Amino acid sequence: MKKAVIAALALVMGASAVARADQVIVLNSEEASYSILSRGLRVETQRLPLGREPHHLMPTPDGKELLIASTVTNELVALDTKTGERKRTIRGIIDAYQLGFSPDGQWFVTAAYRLDHVDIYRYDGNFKLAGRIFIDGMPSHMAFDSDSKTVFVTLQQSGKVVAFDLHTQLIKWNMEVGKAPAGAVMLPDNKRLLVALTGEDSIVTVDPKDGSVVGRLKTGKGAHNFWPKGDGRHWFLSNRVEGTVSLIDTQDMQVVGTIRIPGGPDCMDITPDGKELWVTQRFLRRIAIVDLATMKVSGSIPTGKSPHGVYILKAPALTPPSPLLRAASNEPDPK
């Protein structure tokens, strides 16, 4: 078995750019590193150093770079989204716990969870700071309206959501929505903002015009982060304390599926073919793989300490070169 694994890793490490695009990037937030996994082989191929406390990541509007934010070292590391190779480091991005681009690609926003401020940058391939707004409450996650006029930022400590005008950097409203709000998503109708309450067991629907709570849906303890299924209607939601991922129909506002994932499920991504959901398991140092046809975990791969953000490079997965290399065990490492 060991010889088969070593041979498979040698194939991956010596592969072309197309083969390297089989990679999955996982940020190990308490280890100052990121793991590179092979999607086809379901093994970690490399673990590389990174600035302290990398939590979240996202591609640039042109899709060419993947930005990894390191909060304590105040920098963004850009990887090539096709090959995973490092391209550049952008310094002076202060305490970027969470990051996001407006839909029109002209604005870049970071939430400084540790230092209590929100930074709004004008973006044209470079980052020009337009405004830094200090606000108590631990800025956490964000969502944008569809016309790129407003960014909504959750404040986990104060239990509020704050709306910022992107062009003026002024606060539009700052409203309480529930305990420890985290993940947020604006629905395609641009009339409903969904916010996950990590301090409770629900998500709330917020009116983006004034911040009023107009609906509530129970999902599971520690409702935390969203990921789109890709059809414009259904969203996955990780319930970190409950150890589940809910599938939410946002048209009927119902939970239509539940996936059991132990170990603090958090950030997610879906494979390009739409067949698998990959979910980081914060407390197990692993990432779970969900077969979306069965809505069950089909495997789990060891990573570094406290895996958080995940990004799947958008290319076909490699075919395992040996029948011995099937899905990794779903059980925690024996320690």
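Provided above is the structure to which this section pertains.
Report follows, based on the coordinates. Quantities reported herein were computed from a predicted structural model and do not represent experimental measurements. (Residues numbered from 1 in each chain as written. Predicted model: local features only at pLDDT ≥ 70, side-chain atom pairs only at ≥ 80, totals over all residues. Heavy atoms only, no water.)

### Describing the pattern of salt bridges
Once the charged atoms of two side chains with opposite charge are near each other, the side chains can pair. Tallied over the entire structure, the rule returns 18 salt bridges. Between arginine 91 and glutamate 75 there is a salt bridge, with the nearest N and O atoms lying 2.7 Å from each other. Residue arginine 91 is located in strand β7 (residues 86-91), and its partner glutamate 75 is located in strand β6 (residues 75-80); the two are separated by 16 residues in the primary sequence. On the basis of relative accessible area, glutamate 75 is assigned to the buried category, the value being 11%. The salt bridge partner of aspartate 252 is arginine 233, with a shortest N-O separation of 3.3 Å. Residue aspartate 252 is located in the loop between β22 (244-249) and β23 (254-260), and its partner arginine 233 is located in the loop between β20 (223-228) and β21 (234-239); the two are separated by 19 residues in the primary sequence. On the basis of relative accessibility, which here comes to 42%, the residue aspartate 252 falls in the partly exposed class. You can call arginine 233 partly exposed: its relative accessible area is 27%. (Salt bridge = Lys/Arg side-chain N within 4 Å of Asp/Glu carboxyl O. Helix = DSSP H or I, 4+ residues; strand = E, 2+ residues; numbered from the N terminus. Buried < 20%, exposed > 50% of the residue type's maximum accessible area, 1.4 Å probe, protein only.)

### What to know about the side chain of serine 102
Here serine 102 lies in the loop between β8 (98-101) and β9 (107-112). Residues within four places of serine 102 in sequence aside, it is in contact with Trp107, Phe144, Ser148 and Leu166. (Contact = heavy atoms within 4.5 Å.)

### Some words on the pairing of strand β13 (residues 150-155)
Among the 6 residues in β13, 6 count as buried, and that is most of the element. Residues Thr150, Phe152 and Thr154 of β13 are buried on one face, and the alternating residues Val151, Val153 and Leu155, pointing to the opposite face, are buried as well. Across 4 bridges, strand β12 (residues 139-144) lies against β13 in antiparallel orientation. Note that in β13 the partner of proline 139 across the bridge is leucine 155. Turn length for the β12-β13 hairpin, with the two strands adjacent in sequence and antiparallel, is 5 residues, and the turn residue serine 148 shows positive phi of about 60°. Both β13 and strand β14 (residues 160-165) contribute to a ladder of 6 bridges, which runs antiparallel. Pairing of threonine 154 across the sheet is with valine 161, part of β14. If you look at the hairpin formed by β13 and β14, you'll find 4 residues sitting between the two strands, and glycine 159 has a positive phi there, around 75°. (Pairing = 2+ DSSP bridges.)

### Regarding the sheet that holds strand β11 (residues 127-134)
Strand order in this open sheet of 4 strands is β8-β9-β10-β11, and the pairing throughout is antiparallel. Each having just a single partner strand, β8 and β11 make up the two edges of the open sheet. Averaged over all adjacent pairs, the angle separating strand axes in this sheet is 20°, with direction ignored. By the bridge criterion, 6 bridges tie β9 to strand β10 (residues 117-123) in an arrangement that is antiparallel. Residue pairing across strands places tryptophan 107 opposite arginine 122, the latter belonging to β10. (Axes fitted to C-alpha atoms, helices over the stretch in contact; angles between N-to-C directions.)

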